Structure formats: C-alpha cells, structure tokens
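Summary of the model geometry
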Amino acid sequence: MKRTVRHLADGREIIYFDSPGAPERTAEDTRALPRVAAASEIRRDPLTGEWVAMAAHRQTRTYKPPADLCPLCPTKPGKPSEIPEPDYDVAVFENRFPSFARDVIGDSSTVDGAGLVPIAPGVGRCEVVCFTSDHDGSFAGLTAKQVRAVVDAWADRTAELSAMDGVEQVFPFENRGEEIGVTLHHPHGQIYGYPFVTPKTERTLEVARAYEAEHGRPVMGDVLAAERASGIRVVVAGAHWTAFVPPAARWPVQVQIVPHRQLPDIPALSDEERDEFADVYLEVLRRCDGLYDRPLPYIAAWNQAPAKRDRELGWLYLEVFSVLRSKDKLKYLAGSESGMAVWINDATPEQIAERLRATH
C-alpha cells in the first residue's frame, strides 16, 4: 500500500492508504477549524478496579448529518469534509471529538482529594477509519482487495499507536447500524488507543495465564481445535482462519474469526493470512446480512494483546456480534446483563451457527 501522511486545518493527522499508481495526496483542508480541545479524564472504580473514561466534550459531536453534508465523504466543491481529497481508497484521521487524546492536560489525583478514587488525564489516541469513499456502501460490499487494504491500514495504525507513550492497548472496531447507535452512516470504523488495558482483556489474560499454567497450552488454541474438530458451530473454515459461534455465545448473533496460529495483533499477520481473512470475513458478513434478509446492525471488535505487556498470552481474533434477535426485535441488556453481567441468550450457539450456515 502507498501511505501518505497529511494534516487537517486544525493540525490533526490524516493518513491515506492507496493502491500503487493512485494520485498524489496534496489537497489542502480549507476549513477554518479551531484546535481540538479534548478534556477527557479516567477514573478508577474502587469497587471493581476498572477504569472509566469521562469525555463530556463529545456531546457536541456530529449527529446524523444529511448525506450531502457527510464529513466522511470526499471533499466536493463548496462542501469541504474531514477528507480534503476528491476521492480516496482508505483514509484514517484523528477523531475531532476524541475520547482519548495525546495533548490532554491534567494531573493525576483522586476524587475530592480523598485518596479513594484515582483520576488521571485521558491520554491516548482516537482515530476514524474510512473504509471506502462510497457513502452508500458497506464493509460487506467491499472487494477482497479493498478489505486487504483496510487490514493493512489497521496493521499500520496498531503498530504506530502501540509504540506511543501512554497507550496500553489498541482497539480497532466498527459500529454498524442505528440500532447500535451509529450517528454517521458512511462506512467507517474507529481505533482507540487506551491509556489502560481494558477490563475484558485483563480478564481474558487471567484466564489464559491460569489455563496455560495448568495445561501447558493456550486456551484459545484448545478452543479452536475443539471447534474445528466438532464443526457444529463452525460457519466458515479456511486454511488460515476459522469463523465459529463461540460455545458460550452471549449475543443472538455472534461469530469469532480466529487465526490458526497464535498471534498478538494484526501487524503480526502474514500476507497469506491477511488475504484469506478478507475472503472469510466477507463471507461471514454476507451470511449475517442474509440472516434476517436485511442489513445486520453489528459491532466488529478486534481483540488484540496489550501493547506493552503479556503479549505472549494474547491470541488475536475478531468478534462480530449483533443486538438483533429477530428481523424486528432487539436484545436489550436489562437486569441480569446490565446489573450483574450475567448473560442470558434466547438462542443456543448451535442454533445460531445452523442459521448462519443456512444463509446465502
């Protein structure tokens, strides 16, 4: 991929990822933008030990603009956007309304000075990844070549953010659909560079560490081997990746796409693995969209090892899940899920996998 780094009018970075032979990226951002003033902080819950981010400035972020004013479309005459070029393949830029930012000012302290609830600046990085310049497209509608370009962009950004001081974990993800809470319909995702290791990852590291100490093998490796041997919950199988419904699925639609070898993160993928991922993922998304004969609202979440510790325990995988439990019904996270984090699924993993396999 051809990589070009430019800057927007307020100083934020924008990075273009293009196929060889693409035109030079020289367009200037002509907007009069104030400098980004992120004021986020993180607070540690004294009862759970988990960090929570406070980012009140995000209340003013762009909300469901009309299509002709989409900030993720290429710039048109008289309609400047976040992307100054008239066209692009894949574009990544710093979020104008970040939950975490590099220049957050503040000191570490505690709430009310009582020493009970630690506070720290929300230092990190948040980026927007535009998968295509086509406003009416979707990730499932990309070609395998386009998906490979997105994978290369994810790898580039993961490596760069992981090397930044203060970034402890890098999380690429996509939110799709209004049911998920999406406010911009242009096909895009985000990347968070967290200033801490996320609660989910901390828990999976604990389990992985204990399992390996007892069995001498990584737990994901054994799960993958068991799923491939059984085949009951497998949706798509390739030479380098297997997509399956996890045997303890929480969501009415949930698929994990797992590489066959233990890797800490996206940059560690080989060319062959990146190529095949595109085919496997597109097949999963097509089956998901065919499940209810409508575009499926989903979250696609990359699970990567922490940037600076415990990397030998991580096993990269992508998880796709949806709140849609039927064509017109949502799964709400009510009392048990939200109050106690005990999930109750209305379908078995075997039923979910069977429906996905039957979908074309």
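Definitions and cut-offs
Residues numbered from 1 in each chain as written. Predicted model: local features only at pLDDT ≥ 70, side-chain atom pairs only at ≥ 80, totals over all residues. Heavy atoms only, no water. UniProt positions renumbered as here; feature names shortened; annotations may be inferred. Pairing = 2+ DSSP bridges. Helix = DSSP H or I, 4+ residues; strand = E, 2+ residues; numbered from the N terminus. Salt bridge = Lys/Arg side-chain N within 4 Å of Asp/Glu carboxyl O. Buried < 20%, exposed > 50% of the residue type's maximum accessible area, 1.4 Å probe, protein only.

An unreviewed UniProt entry annotates the protein chain as Galactose-1-phosphate uridylyltransferase originating from Amycolatopsis regifaucium. The heading Pathway (unreviewed entry) in the UniProt record of the protein chain holds the text "Carbohydrate metabolism; galactose metabolism." Of the comments in the UniProt record for the protein chain, the one headed Catalytic activity (unreviewed entry) reads "alpha-D-galactose 1-phosphate + UDP-alpha-D-glucose = alpha-D-glucose 1-phosphate + UDP-alpha-D-galactose".

Now for the sheet that holds strand β6 (residues 109–110). Pairing in this open sheet of four strands is antiparallel, and the strands run β4-β3-β7-β6 from one edge to the other. The sheet is open, and its two borders are formed by β4 (51–54) and β6, each paired with just one other strand. By the bridge criterion, three bridges tie strand β3 (residues 41–44) to strand β7 (residues 118–121) in an arrangement that is antiparallel. By the bridge assignment for β7, Arg43 is matched with Ile119.

Now for the pairing of β7. Sheet topology note: the β6/β7 ladder contains two bridges and is antiparallel. When the bridges of β7 are listed, Thr110 appears paired with Pro118.

Enumeration over the complete set of coordinates arrives at 36 salt bridges. One salt bridge in this structure joins Asp222 and Arg217, with 3.0 Å as the shortest N-O distance. On the accessibility criterion, Asp222 (22% relative accessible area) is partly exposed. Using a relative accessible area of 38% as the deciding quantity, one classes Arg217 as partly exposed. Residue Glu350 is joined to Arg233 by a salt bridge in which the shortest nitrogen-to-oxygen separation is 2.7 Å. Separated by 117 residues along the polypeptide, Glu350 in helix α6 (residues 349–358) and Arg233 in the loop between α3 (219–230) and β11 (234–237) bring together distant segments of the chain. By relative accessible area, Glu350 is classed as partly exposed at 30%. Residue classification places Arg233 among the buried residues on the basis of a relative accessible area of 12%. Connected via shared salt-bridge partners are Arg3, Glu13, Glu94, Arg125, Glu127, Asp156, Arg157 and Glu160.

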